[in-house]
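So you can see what is in the structure, the chains are spelled out below.
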Amino acid sequence: MGPAMVLMLDEATVGLDSSSTLALVQSMSSWAKLLNTTIVMALQQPEPAVTALFDDVILMAEGYTLWHGPVSKTLAHFEGVTGVKALPGQDLADYLMQVAAAPTQQQQQQQQQQQQGLLVKADGSSSGGSSGSSVMSAAQLSAAFWESRQGSSLKVGSEGTRS
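Parameters and conventions
Residues numbered from 1 in each chain as written. Predicted model: local features only at pLDDT ≥ 70, side-chain atom pairs only at ≥ 80, totals over all residues. Heavy atoms only, no water. Helix = DSSP H or I, 4+ residues; strand = E, 2+ residues; numbered from the N terminus. Buried < 20%, exposed > 50% of the residue type's maximum accessible area, 1.4 Å probe, protein only. Areas by Shrake-Rupley, 256 points an atom, 1.4 Å probe, with all protein chains shown as cover. Polar contact = N/O pair within 3.5 Å; in protein donor to acceptor, adjacent residues only side chain to side chain. Contact = heavy atoms within 4.5 Å. Axes fitted to C-alpha atoms, helices over the stretch in contact; angles between N-to-C directions. Left-handed = near helix turned anticlockwise from the far one by under 90°. Nonpolar A, V, L, I, M, F, W, Y, C, P; charged D, E, K, R; others polar. Salt bridge = Lys/Arg side-chain N within 4 Å of Asp/Glu carboxyl O.

Let's shift gears to the overall build of the protein. Looking only at helices and strands, the protein has 7 helices and 4 strands in total. The helix and strand sequence of the protein, counted from the amino end, reads β-α-β-α-β-β-α-α-α-α-α. Residues classed as buried in the protein amount to 31% of the 163 residues present. Counting every atom, the protein has about 10000 Å² of accessible surface; 51% of that belongs to carbon and sulfur.

In structure tokens form, the structure reads like this:
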């Protein structure tokens, strides 16, 4: 082990238009690879072009870690845990905002989708009522994450505790 360089940016894109945000994140991504360093950015609802630049994502809600891992595995994890697929054309950030919403908000969103015939379970069947979808709290989503293969791989210590 040696010194590690980490750059942490908290909402560095506030006030920027989408093109400037994309340029900033592209620059940060290039810089991280060039210098073999880590950049942690807190972003609010990034656009799909920005999300596509991420290697890993950490999703948090209500103080709980809901996901920490590769962007490429994020959607499959949440579709498997909740049983609700992303809508056709829905980008990852919007889907994750829907999943991470408070249970009351999730229920409202799912009821609207059911009325429009848009709610589809991960097994491909339409949900004919609220029993077909899985409304989960942040605590439940976090527990599912830490029980998953990805979450288990991040646990530290001999007793499996996490920091």
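Back to the text.
This part is about unusual backbone geometry. Of all residues except glycine, most have a negative phi; of all peptide bonds, most are trans. Of note in the backbone geometry, Asn 36 takes a positive phi value of approximately 50 degrees without being a glycine. With respect to the helices, strands and loops of the structure, Asn 36 is situated in the loop between α1 (18-35) and β2 (38-42). Residue class for Asn 36 comes out exposed when judged on its relative accessible area of 73%. At Gln 45, a residue that is not glycine, the phi angle is positive and equals roughly 45 degrees. Checked against the element boundaries, Gln 45 lands in the loop between β2 and α2 (48-51).

Next up on the list: the side chain of Ser 142. Considering the arrangement of structural elements, one finds Ser 142 in helix α6 (residues 138-147). A polar side-chain atom of Ser 142 sits 3.0 Å from the main-chain carbonyl oxygen of Thr 65. Contact partners of Ser 142, with chain neighbours within four places excluded, come to Tyr 64, Thr 65 and Leu 66.

As a further point, take the packing of helix α3 (residues 71-82) against α6. At a minimum axis separation of 11 Å, α3 and α6 run at an interaxial angle of 115 degrees. Read as a crossing pair, α3 and α6 show a hand that is right-handed. Between α3 and α6, the residues in contact are His 77, Phe 78, Val 81 and Thr 82 and Leu 141, Ala 144 and Phe 145, respectively. For the contact of α3 with α6, the class distribution of residues is 5 nonpolar, 2 polar and no charged.

A side chain with one charge can pair with a side chain of the opposite charge if their charged atoms come near. Scanning the entire structure with this criterion turns up 1 salt bridge. Here Lys 33 ties to Asp 55 by a salt bridge, and the two come within 3.9 Å at their closest N and O atoms. Of this pair, Lys 33 sits in helix α1 while Asp 55 sits in the loop between α2 and β3 (56-61); the two residues are 22 residues apart in sequence, bridging distant segments of the chain. Judged by its relative accessible area of 53%, Lys 33 falls in the exposed class. For Asp 55, a relative accessible area of 54% gives the class exposed.

Within the secondary structure, Gly 63 sits in the loop between β3 and β4 (64-70). A residue is classified by how much of its surface remains accessible, and Gly 63, at 69% relative accessible area, is exposed. In sequence terms Gly 63 and Ser 142 are 79 residues apart; their C-alpha atoms lie 9.7 Å from each other.

Keep in mind these numbers describe shape, not what the thing actually does.
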